[in-house]
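Residues per chain are reported as follows:
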Amino acid sequence: MKQLRLLAATVLLSVPFGVLAKPTQASSKSSVKDLNQQALLVELTGKDLSKENDIALYAEMVSAYQNDDEIAFKSRLQSLLTRFPQSSYADNALFLAGRMAVDHNNFAEAIKYFAQVEKEYPRSNKVVAAKFAKAMTYKKMNLPEFALRTLKEVRAKYPGSPESFRADVELKMIK
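It should be emphasised that the depicted structure is a prediction, and the values quoted were computed from it without experimental measurement.

Asks: Explain the packing of aromatic side chains to me, please; I cannot follow it from the model alone.
Replies: Pairs of aromatic rings are described using the distance from one ring centre to the other and the angle between the two planes. Tallied over the full model, the rule gives four aromatic pairs. Ring geometry for Tyr58 and Tyr89: centres 4.9 Å apart, planes at 20°, overall stacked. Taken together, the residues span a long stretch of sequence, with Tyr58 in helix H3 (residues 54-66) and Tyr89 in the loop between helix H4 (70-83) and helix H5 (90-103) at a distance of 31 residues. Note on Tyr89: relative accessible area 24%, which makes it partly exposed.

Asks: Would you mind showing me how to read helix H9 (residues 162-174) here?
Replies: Helical geometry note: an α-helix holds 3.6 residues per turn, so side chains three or four residues apart project in the same direction. Under the 1.5 Å per step criterion, the end-to-end length of H9 is 18 Å for 13 residues, consistent within 8% with the ideal 18 Å. Burial in H9 covers these residues: Glu163, Ser164, Ala167, Glu170 and Leu171. Around the axis of H9, the buried residues are gathered within 115° of arc, so they sit on the same side. More than 90 degrees from the buried face of H9, the exposed residues found are Pro162, Phe165, Lys172 and Met173. Looking at the buried residues of H9, the elements they touch are helix H7 (127-140) and helix H8 (144-157).

Asks: Even after reading the chapter, I still don't get the nonpolar core, so can you show me in this structure?
Replies: Looking at soluble globular proteins, one finds that nonpolar side chains tend to be buried together. In this structure, Met61, Phe73, Leu77, Ala93, Leu94, Phe95 and Phe114 are the most contacted members of the largest nonpolar core, which totals 27 residues. Listed by contribution, the elements that provide at least two residues to this core are H3, H4, H5, helix H6 (107-120) and H7. No other element matches H5, which puts nine residues into this core. Setting aside anything within four residues of it in sequence, one finds Phe95 in contact with Phe114, Val117, Lys126, Ala129, Ala130 and Ala133. Core analysis: the second largest hydrophobic core is formed by eight residues, Phe132, Ala135, Val154 and Ala167 among them.

Asks: Please clarify how the pattern of salt bridges should be interpreted in this entry.
Replies: One side chain can pair with another of opposite charge once the charged atoms of both are near each other. Taken as a whole, this structure holds nine salt bridges when the rule is applied. Note that Lys134 is salt-bridged to Glu118, the shortest N-O span being 3.3 Å. Residue Lys134 is located in helix H7, and its partner Glu118 is located in helix H6; the two are separated by 16 residues in the primary sequence. With a relative accessible area of 14%, Lys134 lands in the buried category.

Asks: So what exactly am I meant to see when it comes to the packing of H7 against H9 here?
Replies: Helix-helix packing is described using two parameters, namely the angle between the two axes and the distance between the axes. Across the interface, H7 lies against H9 with an axial gap of 10 Å and an inter-helix angle of 15°. One way to sum up the angle between H7 and H9 is to call them roughly parallel. Like other packed secondary-structure pairs, H7 and H9 cross with a definite hand, here left-handed. Together, Val128, Ala129, Phe132, Met136 and Lys139 of H7 and Glu163, Arg166, Ala167, Glu170, Met173 and Ile174 of H9 make up the contact between the two elements. Of the residues that constitute the contact of H7 with H9, the class distribution is seven nonpolar, no polar and four charged.

Asks: Explanation requested: unusual backbone geometry in the structure shown.
Replies: As a rule of thumb, non-glycine residues mostly have phi less than zero, and peptide bonds are mostly trans rather than cis. A positive phi is found at Asp68, a non-glycine position, where the angle reads about 55°. Topologically, Asp68 is positioned in the loop between H3 and H4. One non-glycine residue, Asn142, lies in positive phi territory at about 65°. Here Asn142 shows up in the loop between H7 and H8.

Asks: Even after reading the chapter, I still don't get H7, so can you show me in this structure?
Replies: The terminal C-alpha atoms of H7 lie 20 Å apart, and with 14 residues this matches the ideal 20 Å at 1.5 Å per residue to within 8%. Counted residue by residue, H7 has 12 buried out of 14 residues, so it is predominantly covered. Where H7 is concerned, the buried positions are Val127, Val128, Ala129, Ala130, Lys131, Phe132, Ala133, Lys134, Ala135, Met136, Thr137 and Tyr138. Looking at the packing, one finds that the buried side of H7 touches H5, H6, H8 and H9. Positive phi appears at Asn142, one or two residues downstream of H7, with a value of about 65°.

Cut-offs and rules
Residues numbered from 1 in each chain as written. Predicted model: local features only at pLDDT ≥ 70, side-chain atom pairs only at ≥ 80, totals over all residues. Heavy atoms only, no water. Phe/Tyr/Trp six-rings, centres within 6.5 Å; stacked < 30°, edge-to-face > 60°. Helix = DSSP H or I, 4+ residues; strand = E, 2+ residues; numbered from the N terminus. Buried < 20%, exposed > 50% of the residue type's maximum accessible area, 1.4 Å probe, protein only. Expected span 1.5 Å × (residues − 1). Arc of directions from axis to C-beta. Contact = heavy atoms within 4.5 Å. Core = buried A, V, L, I, M, F, W, Y, C linked by side-chain atoms within 4.5 Å. Salt bridge = Lys/Arg side-chain N within 4 Å of Asp/Glu carboxyl O. Axes fitted to C-alpha atoms, helices over the stretch in contact; angles between N-to-C directions. Parallel < 35°, antiparallel > 145°, perpendicular 65-115°, else oblique. Left-handed = near helix turned anticlockwise from the far one by under 90°. Nonpolar A, V, L, I, M, F, W, Y, C, P; charged D, E, K, R; others polar.

What follows is the structure in structure tokens.
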């Protein structure tokens, strides 16, 4: 039952509050629809999500990650990325999503998340870690040529970083 509520909340949160109202309707009808949607979210989740901030959502994501609760994690991730796309926690959230996908042997999804960190947050502190994690995911997928290319890129682009030293060790082990 709890999983069903989280799934319903995820679906509802993926649609912005004003999207469901037609532009020709009076503003009072639109606000009633918004209030109804907010009331439904409160009923499904047990808390008023419109009053949450990005810090609280990220904290809930970390808790869900630690408890290995994939449904709650993805629900919070979706909410964070749609409601707070410019949050300073968005890159960390995507990186955690990639880590959770690797933990659940969903390698294609993990690579997608790691690539999203690199593409959407190029100045993030998680870019190097995401690139290294992507290389390790390729290694787990038994794609050594992709892993080698990515590890060499980590070593060349980010010399002196902890990931570059780890990449050196991994390159020696692969060869």
